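Observations on chain architecture
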Amino acid sequence: PAPHGGHRVCPSRVERRVGRARHGEMNVSQLIGLSFLAVCSIFLHIFACAIYDNWWPMLVLLGYMCVPVPIFMFAILKGGSTDRSGLHWTEFATSFFFTNVLGIPFLLHHGEMIETGSLVLSLLGTFFAVVCAGLQAYLSGSALDIYNLLMGEQ
């Protein structure tokens, strides 16, 4: 007799389900990989500062914190409005903050406040952060969720 009065489940089916995550969920190896990318990104930014004993490149981390703010504000303030102007301002502000994340290291290097090595390490850290965010959105399916939230679709 099957436990709990239900049907017997073939062990091979159970074993096959353990390694797979449902749509919108990530398994442990994917989370570990994303965590590794995020830690590498932050480490590269700190290393860019520490190796030359110049902490100006840490300004990039402030930009990281500002990038999602327009999206959150739009989601909170949108209400039931179907007006697209708020969406366009959200896209503009998000792009503005992300461009600052890319531009700050170049401006600091042009102003001779940081060395070339620090510039490269900071840009490499930004690259890892972008790859991490893109993979997270792809693996969890949240990119489509954010798009639907912004477009007002269910």
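This text follows the structure it describes.
So, here's what we can say about the structure. (Residues numbered from 1 in each chain as written. Predicted model: local features only at pLDDT ≥ 70, side-chain atom pairs only at ≥ 80, totals over all residues. Heavy atoms only, no water.)

Time to look at the overall build of the protein. Counting its regular elements, the protein contains seven helices and zero strands. Starting at the N terminus and walking to the C terminus, you meet the elements of the protein as α-α-α-α-α-α-α. When burial is assessed residue by residue, the protein has 25% of its 154 residues classed as buried. Nonlocal contacts in the protein, meaning residues at least 24 apart in sequence, comprise 67% of its contacts between residues at least 6 apart. (Helix = DSSP H or I, 4+ residues; strand = E, 2+ residues; numbered from the N terminus. Buried < 20%, exposed > 50% of the residue type's maximum accessible area, 1.4 Å probe, protein only. Contact = heavy atoms within 4.5 Å.)

A few words on the environment of E115. Mapped onto the elements of the fold, E115 is located in the loop between α5 (85–110) and α6 (116–140). When the C-alpha positions of E115 and Y52 are compared, they lie 7.5 Å apart, and in sequence the two are 63 residues distant. When near neighbours in sequence (up to four residues on either side) are disregarded, E115 contacts Y52 and H109.

Attention now goes to helix α3 (residues 59–66). When we look at burial in α3, the residues that qualify are V60, L61 and G63. The arc that holds the buried residues of α3, viewed along the axis, is 150°, so those residues lie on one side. For α3, the elements touching its buried residues are α2 (28–50), α5 and α6. (Arc of directions from axis to C-beta.)

This part takes up the nonpolar core. In this structure, V60, V67, V101, I104, L108, I114 and L119 together form the largest nonpolar core, which totals seven residues. If one sorts the elements of this core by residue count, α5 sits on top with three residues. (Core = buried A, V, L, I, M, F, W, Y, C linked by side-chain atoms within 4.5 Å.)

On to the side chain of T126, then. Here T126 shows up in helix α6. Taking relative accessible area as the criterion, T126 reaches 2% and is therefore assigned buried. Within the structure, T126 has its side chain in polar contact with the side chain of Y64 (distance 3.2 Å). In contact with T126, other than residues within four places in its own chain, are H45, V60, Y64, V101 and L102. (Polar contact = N/O pair within 3.5 Å; in protein donor to acceptor, adjacent residues only side chain to side chain.)

Below, the discussion takes up the environment of F74. As for its position among the elements, F74 is in helix α4 (residues 69–77). Note: C-alpha distance between F74 and E91 (17 residues apart in sequence) is 9.9 Å.

What follows covers α6. The α-helix advances 3.6 residues per turn, and as a result positions three or four apart in sequence lie on the same side. Its 25 residues give α6 an end-to-end C-alpha distance of 36 Å, which sits within 8% of 36 Å, the value for a rise of 1.5 Å per residue. Every buried residue of α6 is listed here: S118, L119, L121, S122, G125, T126, C132, A137 and S140. The first or second residue beyond α6 is G141, which carries a positive phi of 75°. (Expected span 1.5 Å × (residues − 1).)

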